[in-house]
Amino acid sequence: MVTQRDEHRSLYLSYLERCNEHDSDRMASFYTSPIKVNDLPMDPAAVAAQFSDLFAAFPDWHWEMRNLLVDGDYIAAHFTVTGTHRGTFHRIAATGRRVTISEFTLYRLEDGKFAEVWDLSDMDALMRQIGQGEHRTASADEAGTADIRHR
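Residues numbered from 1 in each chain as written. Predicted model: local features only at pLDDT ≥ 70, side-chain atom pairs only at ≥ 80, totals over all residues. Heavy atoms only, no water.

### Looking at the side chain of Thr 82
And step 1. Looking at where Thr 82 falls in the secondary structure, it is placed in strand E4 (residues 74-84).
And step 2. Here the side chain of Thr 82 touches Arg 98 through a polar contact of 3.4 Å, side chain to side chain.
And step 3. When neighbours within four sequence positions are excluded, Thr 82 is seen to be in contact with Asp 60, Trp 61, His 62, Arg 98, Val 99 and Thr 100. (Helix = DSSP H or I, 4+ residues; strand = E, 2+ residues; numbered from the N terminus. Polar contact = N/O pair within 3.5 Å; in protein donor to acceptor, adjacent residues only side chain to side chain. Contact = heavy atoms within 4.5 Å.)

### Quick look at the confidence of the model for the protein
Do not read the fine detail of predicted coordinates wherever pLDDT is low.
And step 1. Confidence in the prediction of the protein, expressed as mean pLDDT, is 90, and 87% of residues score 70 or more.
And step 2. Segment residues 135-151: pLDDT under 50, and 92 contacts once partners within four positions in sequence are set aside and those in other chains are kept. (pLDDT = per-residue confidence, 0-100.)

### Looking at the pattern of salt bridges
And step 1. A full pass over the atoms with the stated rule returns 5 salt bridges.
And step 2. Between Arg 18 and Glu 17 there is a salt bridge whose closest N-O contact spans 3.1 Å.
And step 3. Linking Arg 18 and Glu 21 is a salt bridge whose minimum nitrogen-to-oxygen distance equals 3.0 Å.
And step 4. Exposure remark for Glu 21: the relative accessible area of 48% places this residue in the partly exposed category.
And step 5. When salt bridges that share partners are traced, they join Glu 17, Arg 18 and Glu 21 into one network. (Salt bridge = Lys/Arg side-chain N within 4 Å of Asp/Glu carboxyl O. Buried < 20%, exposed > 50% of the residue type's maximum accessible area, 1.4 Å probe, protein only.)

### Here's the deal with the packing of aromatic side chains
And step 1. In this structure the tally under the stated criterion is 16 aromatic pairs.
And step 2. When the centroid spacing of 6.4 Å and the interplanar angle of 25° are considered together, the rings of Phe 30 and Phe 114 count as stacked. Here Phe 30 is found in the loop between helix H2 (24-28) and strand E1 (31-37), whereas its partner Phe 114 is found in strand E6 (residues 113-121), with 84 residues between them in sequence.
And step 3. A relative accessible area of 12% means that Phe 30 is categorised as buried.
And step 4. Here a set of aromatic residues connected by ring pairs shows up, and it is made of Tyr 12, Tyr 15, Phe 30, Tyr 31, Phe 79, Tyr 107 and Phe 114. (Phe/Tyr/Trp six-rings, centres within 6.5 Å; stacked < 30°, edge-to-face > 60°.)

### Re the sheet that holds E1
And step 1. Spatially, E2-E1-E6-E5-E4-E3 is the arrangement adopted by the 6 strands of the open sheet, whose pairing is mixed. Edge strands, defined here as strands with exactly one partner in the open sheet, are strand E2 (40-42) and strand E3 (62-71). For this sheet, the mean angle separating the axes of adjacent strands, direction not counted, is 25°.
And step 2. Sheet analysis places E4 next to strand E5 (residues 98-110), joined by 11 bridges and oriented antiparallel. Residue pairing across strands places Ala 77 opposite Thr 105, the latter belonging to E5.
And step 3. Where helix H1 (residues 4-20) meets the sheet, its contacts fall on E1, E3, E4, E5 and E6, and the angle it forms with E3 comes to roughly 165°. (Pairing = 2+ DSSP bridges. Axes fitted to C-alpha atoms, helices over the stretch in contact; angles between N-to-C directions.)

See below:
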């Protein structure tokens, strides 16, 4: 017997595949309209479009799931994220450096889609790894890396 937990897990794994394929259009199909990202209502296409600059700068950007928890209509995910800096990111020219960061994301489902997402990516670590010293940790909407991604 398939449980709601199994269905939510399957939905999320399907979404993660689209994220790792860098398929922004299909990613957007998993979002309600509007979707709240870090409490800010956004159009699904606008959320997915945020990934364009990230994918251009890190064409091999990849979310590797470390932990996935499903509780009712909530999904919590912990990732190790990797990529190679091959394009301009936050006005920083490509360095060719490989980056590895941590990311945590909490989703709330509504009618089988992501209605709310709260994301925290270690952008300080990313910026240090591409040689840019200390930067404050940015939420996904500030950094342009929302993990609806993920996310």
